[in-house]
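So the chains spell out like this:
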2 protein chains.
Amino acid sequence: MVEYQSPHLDAVFHALSDPTRRAMLHRLSGGEQSVSQLAQPFDMSLAGASKHVKVLEGAGLVSRRVDGRTHYCRLEAARLAEAQAWFRYYERFWSNRLDKLQAILEAEDRESYAGRD
Amino acid sequence: MVEYQSPHLDAVFHALSDPTRRAMLHRLSGGEQSVSQLAQPFDMSLAGASKHVKVLEGAGLVSRRVDGRTHYCRLEAARLAEAQAWFRYYERFWSNRLDKLQAILEAEDRESYAGRD
DNA sequence: TGATAGGTAAACCACATGGTTGAATATCAG
DNA sequence: CTGATATTCAACCATGTGGTTTACCTATCA
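So, here is what we can say about the structure in this document. For clarity, every value in this text was computed on a predicted model and none was experimentally measured. (Residues numbered from 1 in each chain as written. Chains lettered and ligands numbered in written order. Predicted model: local features only at pLDDT ≥ 70, side-chain atom pairs only at ≥ 80, totals over all residues. Heavy atoms only, no water.)

1. A closer look at the sheet that holds strand β2 (residues 62-67) of chain A
All names here are of chain A.
Step number 1: One open sheet accounts for 3 strands, arranged β1-β3-β2; its pairing is antiparallel. A single partner strand is all that each edge strand has here, and the edge strands are β1 (33-34) and β2.
Step number 2: Direction of pairing for β1 relative to strand β3 (residues 70-75): antiparallel, over a ladder of 2 bridges. Its bridge partner lying in β3, S34 is registered against Y72. (Pairing = 2+ DSSP bridges. Helix = DSSP H or I, 4+ residues; strand = E, 2+ residues; numbered from the N terminus.)

2. A few points about the packing of aromatic side chains
Step number 1: Using the criterion set out here, one finds 12 aromatic pairs over all chains in the structure.
Step number 2: With a centroid separation of 6.0 Å and an interplanar angle of 90°, the aromatic rings of A:F13 and A:F87 are classed as edge-to-face. Here A:F13, found in helix α1 (residues 9-16), pairs with A:F87, found in helix α5 (residues 77-88); they are 74 residues apart in sequence, far enough to count as distant. No difference in accessibility class separates A:F13 from A:F87, as the two residues are buried.
Step number 3: Consider the rings of B:W86 and B:F87, whose centres lie 5.1 Å apart with planes at 85°: the pair is edge-to-face. For the pair shown, B:W86 and B:F87 are each scored as buried.
Step number 4: Members of the aromatic cluster, joined through ring pairs, are A:F13, A:W86, A:F87, A:Y89, A:Y90, B:F13, B:W86, B:F87, B:Y89 and B:Y90.
Step number 5: Positioned above the aromatic ring of A:Y89, the side-chain terminus of A:R92 is 5.2 Å from the ring centre. (Phe/Tyr/Trp six-rings, centres within 6.5 Å; stacked < 30°, edge-to-face > 60°. Buried < 20%, exposed > 50% of the residue type's maximum accessible area, 1.4 Å probe, protein only. Lys NZ or Arg CZ within 6 Å of the ring centre and 35° of its normal.)

3. A look at the protein's contact with DNA strand D
Step number 1: For DNA strand D, the set of nearby residues contains 22 residues, the closest of which are A:S36, A:S50, A:R64, B:K51 and B:H52.
Step number 2: Per the 4 Å cut-off to the protein, sugar and phosphate atoms form 67% of the nearby atoms of DNA strand D.
Step number 3: Measuring from a phosphate oxygen of DNA strand D, one finds a side-chain N or O atom of B:S45 at 2.9 Å.
Step number 4: A distance of 3.1 Å is found between a base nitrogen of DNA strand D and a side-chain nitrogen or oxygen belonging to B:R69.
Step number 5: Listing elements by their share of the surface near DNA strand D, those giving two or more residues are α3 (35-39), α4 (46-58) and β3 of chain A together with α4 (46-58) of chain B.
Step number 6: Here the residues of the surface near DNA strand D are counted per class, giving 5 nonpolar, 10 polar and 7 charged. (Near = heavy atom within 4 Å. Polar contact = N/O pair within 3.5 Å; in protein donor to acceptor, adjacent residues only side chain to side chain. Nonpolar A, V, L, I, M, F, W, Y, C, P; charged D, E, K, R; others polar.)

4. A closer look at the pattern of salt bridges
All names here are of chain A.
Step number 1: Taken as a whole, this structure holds 10 salt bridges over all chains when the rule is applied.
Step number 2: A salt bridge links R64 to E57, with the nearest nitrogen and oxygen atoms 2.7 Å apart.
Step number 3: Its relative accessible area of 28% is what places R64 among the partly exposed residues. (Salt bridge = Lys/Arg side-chain N within 4 Å of Asp/Glu carboxyl O.)

5. Digging into the packing of helix α1 (residues 9-16) of chain B against helix α5 (residues 77-88) of chain B
Residues and elements named next belong to chain B.
Step number 1: Where α1 contacts α5, the two axes come as close as 10 Å, and the packing angle between them is 100°. With respect to α5, the axis of α1 lies roughly perpendicular. Only R79, L80, E82, A83, W86 and F87 of α5 make contact with α1, whose side of the interface consists of L9, V12, F13 and L16.
Step number 2: Grouping the constituent residues of the contact of α1 with α5 by class yields 8 nonpolar, no polar and 2 charged. (Axes fitted to C-alpha atoms, helices over the stretch in contact; angles between N-to-C directions. Parallel < 35°, antiparallel > 145°, perpendicular 65-115°, else oblique. Contact = heavy atoms within 4.5 Å.)

Structure, rendered in structure tokens:
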């Protein structure tokens, strides 16, 4: 007797549990990237990186546009938003209105955040 | 050359990727629960549920207080907050100030949310 | 004391995961 | 056509995961 649950949460949280994949998402936040471009920063075979991309795609966090032999990936923020929404239920444990408002303003005013995956 | 990354994110997101564990957290949002109480709703052996609790504990999402033979678990919201904070960088993709403010007010005014894990 | 209840530990199982290599498939460029 | 580039696919491997069962330890209670 398990309650209703957002059907994507399992896949999305699993996808986010790997640092390589989180770094890929971060990279995609700067715009479309090919699979090779996504793979380049990692000490890993292209096939390995390609599998990570496929996990992200399977979770709906990334979409793919094929142009010739190049596959361009784009961040699908909707699924990220869905995952973040899961936390809202718990926000009452760590925040009050002012805390949240402050977080909003900080997140808006800070465009880049070095050293983040 | 992987960037700095919050050391807990791997474990936290992994812990959250399982619906049983998310349901346990949800249950703990109502207050301390023993391991048996946490296990009760699931069609699963106690040992199996106990392992889920241990995963949550390992991720820092739950802490444990032993009283006699009973282990009481408590939600550790700080780690949840840490995970939610990861999403802030991406918020610019799906929200503006007004959207966020609305989300805040909704989350505050709605205390219980049926059908959620 | 003895039985029972709460919980962990250990061994085991089937399957998933993260990685590899090597081959296959397209596409582009000369 | 030839060769290089972009990418996936398939097979493989070691390890991790979610689950079980059995055994064990420690409290509690009659």
